[in-house]
Amino acid sequence: MKMILVTGGAGYIGSHTVLSLLGHGYDVVVYDNLCNSSYECLRRVSLIAGRNFEFIEGDIRDTAKLSQVFDDFEISCVVHFAGLKSVSESIENPLKYYDFNVGGTNSLLSVMSKKGIRRLVFSSSATVYGEDAPVPCVESMPHGKMTNPYGRSKAMVEDILSDLAKSDEDWSITILRYFNPIGAHESGLIGEDPLGVPSNLMPYITQVAARRLPHLPILGNDYETSDGTCERDFIHVMDLAQGHVLAVAHEPKSGVDIFNLGTGKATSVMRMITEFERVTKVEIPTAIAEKRPGDLPQVWADITKAREVLGWEAKRSLGQMLQDAWRWQQKNPFGYRTEDSEKLDCS
Ligand code: NAD
Ligand code: UD1
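Cut-offs used in this document
- Residues numbered from 1 in each chain as written.
- Chains lettered and ligands numbered in written order.
- Predicted model: local features only at pLDDT ≥ 70, side-chain atom pairs only at ≥ 80, totals over all residues.
- Heavy atoms only, no water.
- Near = heavy atom within 4 Å.
- Polar contact = N/O pair within 3.5 Å; in protein donor to acceptor, adjacent residues only side chain to side chain.
- Areas by Shrake-Rupley, 256 points an atom, 1.4 Å probe, with all protein chains shown as cover.
- Helix = DSSP H or I, 4+ residues; strand = E, 2+ residues; numbered from the N terminus.
- Nonpolar A, V, L, I, M, F, W, Y, C, P; charged D, E, K, R; others polar.
- Pairing = 2+ DSSP bridges.
- Axes fitted to C-alpha atoms, helices over the stretch in contact; angles between N-to-C directions.
- Contact = heavy atoms within 4.5 Å.
- Core = buried A, V, L, I, M, F, W, Y, C linked by side-chain atoms within 4.5 Å.
- Buried < 20%, exposed > 50% of the residue type's maximum accessible area, 1.4 Å probe, protein only.
- Salt bridge = Lys/Arg side-chain N within 4 Å of Asp/Glu carboxyl O.

Asker: Sorry, what's going on with the site of ligand 1 here?
Answerer: Close contacts around ligand 1 come from 27 residues, with Ile 13, Asp 32, Asn 36, Ser 37 and Lys 85 the closest. The backbone of Gly 11 places a nitrogen or oxygen atom 3.2 Å from an oxygen atom of ligand 1. Cys 35 is positioned with one of its backbone polar atoms (N or O) 3.1 Å from an oxygen atom of ligand 1. About the coverage of ligand 1: the protein hides 95% of its 810 Å² of free accessible area. Going through the elements one at a time, helix 1 (12-23), strand 5 (119-125) and helix 6 (149-167) are the ones with two or more residues in the shell around ligand 1. Per element, the largest residue contribution to the shell around ligand 1 is 3 residues, and it comes from strand 5. Partitioning the shell around ligand 1 into residue classes produces 12 nonpolar, 10 polar and 5 charged.

What follows is the structure in structure tokens.
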């Protein structure tokens, strides 16, 4: 039986994608070292899907263990999420990020090569468009200047994939560049589970709403945008998951095909707050704070290619993204943990 190997399948985007793949009848093997996720998430995915899947706890840098997975299962395609994603941590510890994101991917690719499996879907990011990119971002634009090792690690992997496909035409690689994934599965059973004080906007808003944090810092309000706050292309994580299902089904003709996954619409930080308050009826105290270095005023996707080639389009509204994020927060105040094991700090 042909199976999809999902590296990092216990994480935020991976778990929602595993659920969608199961819902579309795919058989799945999740390979994850659980360094930023938990077994409880996988248990809940199985509960919602009403079916089981395989799970191997392992690190993508462990080529022996990874090889064994290809021997034990008939893998037809790899969806590769496994990696680290904190911009600030990548600045503090660049070697760790290059080791996990670049070294880890290299290790996966060498095992796939040896085992003769050359079909890959890779999680990239809009961050590769860089700091001077015009909007909307189009896939044909070159990599821009990146401000941190996390972004550079994604761009490096994209380059490695391109070189690999040039070296061997049997490789069929789909690169998906995500914009700002938010929200949670509508059941409220799985969602985003950041450790400590969140650095991303959506989990920060929901933790302020839950009164775990006192107020939301608005990181700059004098940008040249509609209301002075930054604008981003927020996309529901279940729409993103559906994009992966279509990417798995789609065989690119050339070696590497790249798709933006966003909504094609920009929403400001201020509008996120007012819309959250409107749909949830919960007030979000805010305070204007210093700009965050590296933040761009406006980022959004051109989604023409994904629509025309994959037949994919985001369906869920901003209101639904916010409601689903809030439901997940309310049902799981401490994420997949049962108690507040970490003290949150707003300083
Ligand atoms: P996540 O941290 O929730 O999930 C990543 C998963 O990979 C975790 O379950 C973690 O335990 C696992 N993992 C990490 N290193 C591993 C290793 N060496 N071996 C095996 N497993 C390992 O992150 P996410 O938000 O689900 O992101 C998934 C992917 O998408 C990442 O590659 C990330 O860089 C990329 N991405 C995320 C966003 C976003 O906003 N969340 C945006 C753009 C791109
Ligand atoms: C950030 C990363 C990006 C990464 C993505 C997913 C930076 C510069 N970019 O994207 O590389 O792929 O997360 O992990 O770190 N904001 C506030 N208050 C907050 C938090 C955020 O006002 O407490 C604002 C930010 O200034 C930004 C917007 O909200 O304008 C969105 O921020 P965030 O959710 O962190 O996403 P990005 O910065 O787009």
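Asker: I tried to follow the sheet that holds strand 2 (residues 28-32) on my own but got confused; where do I start?
Answerer: Strand order in this open sheet of 7 strands is 3-2-1-4-5-6-11, and the pairing throughout is parallel. Strands at the two margins of the open sheet, each flanked by one partner only, are strand 3 (54-57) and strand 11 (256-261). The mean inter-strand angle of the sheet, taken between neighbouring strand axes irrespective of direction, is 20°.

Asker: I keep staring at the environment of Val 299 and nothing clicks. Help me out?
Answerer: Examined against the element boundaries, Val 299 turns out to sit in the loop between strand 13 (286-289) and helix 10 (304-310). Measuring from C-alpha to C-alpha, the distance between Val 299 and Cys 77 comes to 31 Å, with 222 residues separating the pair along the chain. Beyond its immediate chain neighbours, meaning those up to four positions away, Val 299 contacts Val 135, Cys 137, Phe 179, Glu 231, Arg 232 and Asp 233.

Asker: Before we go on, may I ask you to explain the site of ligand 2 in this structure?
Answerer: Taken together, 19 residues surround ligand 2, and among them Leu 201, Pro 217, Arg 232, Arg 292 and Asp 295 come closest. Between ligand 2 and the protein, one listed contact pairs an oxygen atom with a side-chain N or O atom of Asn 200 at 2.9 Å. Within the backbone of Leu 219, one N or O atom sits 3.0 Å away from an oxygen atom of ligand 2. Starting from 740 Å² of accessible surface for ligand 2 in isolation, the protein chains cover 87%. For the shell around ligand 2, the elements supplying multiple residues, two or more each, are helix 7 (201-209) and strand 8 (216-219). No other element matches strand 8, which puts 4 residues into the shell around ligand 2.

Asker: Please explain the nonpolar core as it appears in this structure.
Answerer: In terms of nonpolar packing, the biggest core is built from 37 residues, with Val 6, Val 18, Val 28, Val 45, Phe 53 and Val 79 touching the most fellow members. Top contributing element to this core by residue count: helix 1, with 6 residues. Beyond its immediate chain neighbours, meaning those up to four positions away, Val 45 contacts Ser 15, Val 18, Leu 19, Leu 22, Phe 53 and Ile 190. Within the second largest apolar cluster, 28 residues are counted, among which are Ala 82, Ile 117, Phe 122 and Leu 161.

Asker: Just to check I follow, could you spell out the pairing of strand 2 for this structure?
Answerer: Residues in a regular strand project their side chains so that they alternate between the two faces of the sheet. Counting buried residues in strand 2 gives 5 out of 5 residues, a clear majority hidden from the surface. Side chains Val 28, Val 30 and Asp 32 of strand 2 all project onto a buried face; the interleaved residues Val 29 and Tyr 31 project onto the opposite face, where all are buried too. Sheet topology note: the strand 1 (residues 2-7)/strand 2 ladder contains 4 bridges and is parallel. Residue pairing for strand 2: Thr 7 is matched across the bridge by Tyr 31.

Asker: Explain the pattern of salt bridges here, please?
Answerer: When the charged atoms of two side chains lie near each other, side chains of opposite charge can form a pair. Going through the model one piece at a time under the given rule, you end up with 20 salt bridges. Residues Arg 51 and Asp 27 are paired through a salt bridge, measuring 2.7 Å at the closest nitrogen-oxygen approach. Of this pair, Arg 51 sits in the loop between helix 2 (39-49) and strand 3 while Asp 27 sits in the loop between helix 1 and strand 2, placing them 24 residues apart in sequence. Look at Arg 51 and you get partly exposed, because its relative accessible area is 25%. Among the residues examined, Asp 27 registers a relative accessible area of 22% and is labelled partly exposed. Two residues, Arg 316 and Asp 239, come together in a salt bridge whose shortest N-O distance is 2.6 Å. Of this pair, Arg 316 sits in the loop between helix 10 and helix 11 (318-331) while Asp 239 sits in helix 8 (residues 237-249); the two residues are 77 residues apart in sequence, bridging distant segments of the chain. Arg 316 sits in the partly exposed class, given a relative accessible area of 27%. Among the charged side chains, a salt-bridge network with shared partners connects Glu 40, Arg 43 and Arg 44.

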